[in-house]
Amino acid sequence: MKKRKHVVIIRTAVYGAALITAAVLVFIVGYIFIKGIPHLTPSLFEIEYTSENVSLVPALINTIFMIVIALAVSVPTGIGSAIYLCEYARRGNKLVEVVRVTSETLSGIPSIVYGLFGSLFFVKFCGMGLSLISGALTLSIMILPLIMRTAEEAIIAVPDSYREGSFGLGAGKLRTIWKVVLPSAVPGILSGVILGIGRIVGESAALIFTAGTVAVVAENIFSSARTLSVHMYVISGEGLYINQTYATAVVLLILVAIINALSGYIAGKLEGK
């Protein structure tokens, strides 16, 4: 009887926590939509930014550029590291423990510290200046531990029977990883990529020090540019464009939702669904 009561209490607590989490999410998204949608005017979507239209299009384009460049650096590196740790490194290898501790430490570093590092190393030491590439490289370092750990967990979750069956059919190590292990781990890997994209899209502190705040579409990777989150920070700080800030937040939420939907669609296609 007491055991049944404990189960009921725990189940109620779990359901209550899930309901509160969902309610908070709905409240935040609903509040932003209510405040922002009425201010989604055509002037916000003009190609060039001016102090009159406060257009978000240049920042939106720069955000997409930033996502592509940062993922192009961090995803191959993170997945490659995860493959080495799971498939090639020997058990008890001290290097594996060092890499894992390092990745966990990097995950806990505040973004402003990454911004300071990027400003000193990429902007100053490497001579890249305040540019798209400086910001993207800084962000790639920020999301690398996240992608690596999620990819590692996804690869570990692949049953050993898959590998044994592939080896039994005569496939080599590399072919087994490429044709059997990675396709099975795609959903978990994509979840890490999605979380990384969320951090890229929402980052502002590090990008102010590395990419700058110029409100134009970047002509090349060495051009200074602002992303949507930096755009929101700048115009909200001026105190004159609060309504436009809410409207920009709506576009930012829609962008994240579209990226998540595309990632889920790609994962389904790769799984053959």
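Structural notes, computed from the coordinates. (Residues numbered from 1 in each chain as written. Predicted model: local features only at pLDDT ≥ 70, side-chain atom pairs only at ≥ 80, totals over all residues. Heavy atoms only, no water.)

## Comments concerning the pattern of salt bridges
Line of reasoning, step 1. In the structure shown here, the tally under the stated rule is seven salt bridges.
Line of reasoning, step 2. The salt bridge involving Arg163 is made with Glu87; its shortest N-O contact spans 2.8 Å. Highlighted residues: Arg163 in helix H6 (residues 160–168) and Glu87 in helix H2 (residues 57–88), separated in sequence by 76 residues. Each member of the pair, Arg163 together with Glu87, is buried.
Line of reasoning, step 3. Ionic pairing is found between Glu153 and Arg149, a salt bridge with its closest N-O pair at 3.8 Å. Separated by four residues within a single helix, Glu153 and Arg149 lie in helix H5 (residues 132–156), roughly one turn from each other.
Line of reasoning, step 4. We classify Glu153 as partly exposed; its relative accessible area is 44%. (Salt bridge = Lys/Arg side-chain N within 4 Å of Asp/Glu carboxyl O. Helix = DSSP H or I, 4+ residues; strand = E, 2+ residues; numbered from the N terminus. Buried < 20%, exposed > 50% of the residue type's maximum accessible area, 1.4 Å probe, protein only.)

## Overview of the nonpolar core
A general feature of soluble globular proteins is that nonpolar side chains tend to end up buried together.
Line of reasoning, step 1. Counting residues in each nonpolar core, the largest one holds 52 residues, and the members touching the most others are Met66, Leu71, Ile189 and Ile200.
Line of reasoning, step 2. Secondary-structure elements contributing two or more residues to this core are H2, helix H4 (111–125), H5, helix H7 (173–202), helix H8 (205–210), helix H9 (228–238) and helix H10 (242–270).
Line of reasoning, step 3. For this core, the element with the highest residue contribution is H5, accounting for 11 residues.
Line of reasoning, step 4. Residues contacting Ile200, with those up to four places away along its chain left out, are Met66, Ile67, Ala70, Leu71, Leu139 and Ile143. (Core = buried A, V, L, I, M, F, W, Y, C linked by side-chain atoms within 4.5 Å. Contact = heavy atoms within 4.5 Å.)

## Some words on the packing of H4 against H5
Line of reasoning, step 1. Packing of H4 against H5 leaves a shortest axis separation of 9 Å and a crossing angle of 135°. Taken together, the axes of H4 and H5 are oblique relative to one another. Between H4 and H5 lies a crossing of right-handed hand. Contacts between H4 and H5 pair Ser111, Tyr114, Gly115, Phe117, Gly118, Phe122 and Val123 from the former with Ser134, Leu137, Thr138, Ile141 and Met142 from the latter. (Axes fitted to C-alpha atoms, helices over the stretch in contact; angles between N-to-C directions. Parallel < 35°, antiparallel > 145°, perpendicular 65-115°, else oblique. Left-handed = near helix turned anticlockwise from the far one by under 90°.)

## A short note on the packing of aromatic side chains
Line of reasoning, step 1. For the structure shown, the criterion picks out six aromatic pairs.
Line of reasoning, step 2. Their ring planes at 75° and their centres at 5.1 Å tell us that Phe121 and Phe122 sit as a pair that is edge-to-face.
Line of reasoning, step 3. According to the relative accessible area criterion, Phe122 is buried, its value standing at 8%.
Line of reasoning, step 4. Judged by centre distance (5.6 Å) and plane angle (20°), the ring pair of Phe121 and Phe125 falls under stacked. One end of the pair, Phe121, and the other, Phe125, are both in helix H4, four residues apart, so they sit about a helical turn from each other. (Phe/Tyr/Trp six-rings, centres within 6.5 Å; stacked < 30°, edge-to-face > 60°.)

## Structural notes on a nonpolar patch on the surface
Line of reasoning, step 1. There is a patch of nonpolar side chains on the surface, built from Ile20, Val24, Phe27, Ile28 and Tyr31 and spanning about 520 Å² of accessible area.
Line of reasoning, step 2. Summarising the element assignment, Ile28 is placed in helix H1 (residues 2–36). (Patch = residues over 30% accessible without salt bridge, like charges linked within 9 Å, V, L, I, M, F, W, Y side chains within 5 Å. Areas by Shrake-Rupley, 256 points an atom, 1.4 Å probe, with all protein chains shown as cover.)

## A few points about H9
Line of reasoning, step 1. If you check which residues of H9 are buried, you get Leu228, Ser229, Val230, His231, Met232, Val234 and Ile235.
Line of reasoning, step 2. Two residues or fewer past H9, Gly239 is found with a positive phi of approximately 75°.

## Side note on unusual backbone geometry
Line of reasoning, step 1. The backbone of Val54 shows a phi angle near 50°, a positive value even though the residue is not glycine.
Line of reasoning, step 2. Tracing the backbone through its elements, the reader meets Val54 in the loop between H1 and H2.
Line of reasoning, step 3. The class of Val54 is buried, set by a relative accessible area of 0%.

## Considerations on the environment of Leu144
Line of reasoning, step 1. Mapped onto the secondary structure, Leu144 falls in helix H5.
Line of reasoning, step 2. For Leu144, a relative accessible area of 26% puts it in the partly exposed group.
Line of reasoning, step 3. Note: C-alpha distance between Leu144 and Pro76 (68 residues apart in sequence) is 9.6 Å.
Line of reasoning, step 4. Leave out the neighbours within four places in its chain, and Leu144 touches Ser74, Thr77 and Gly78.

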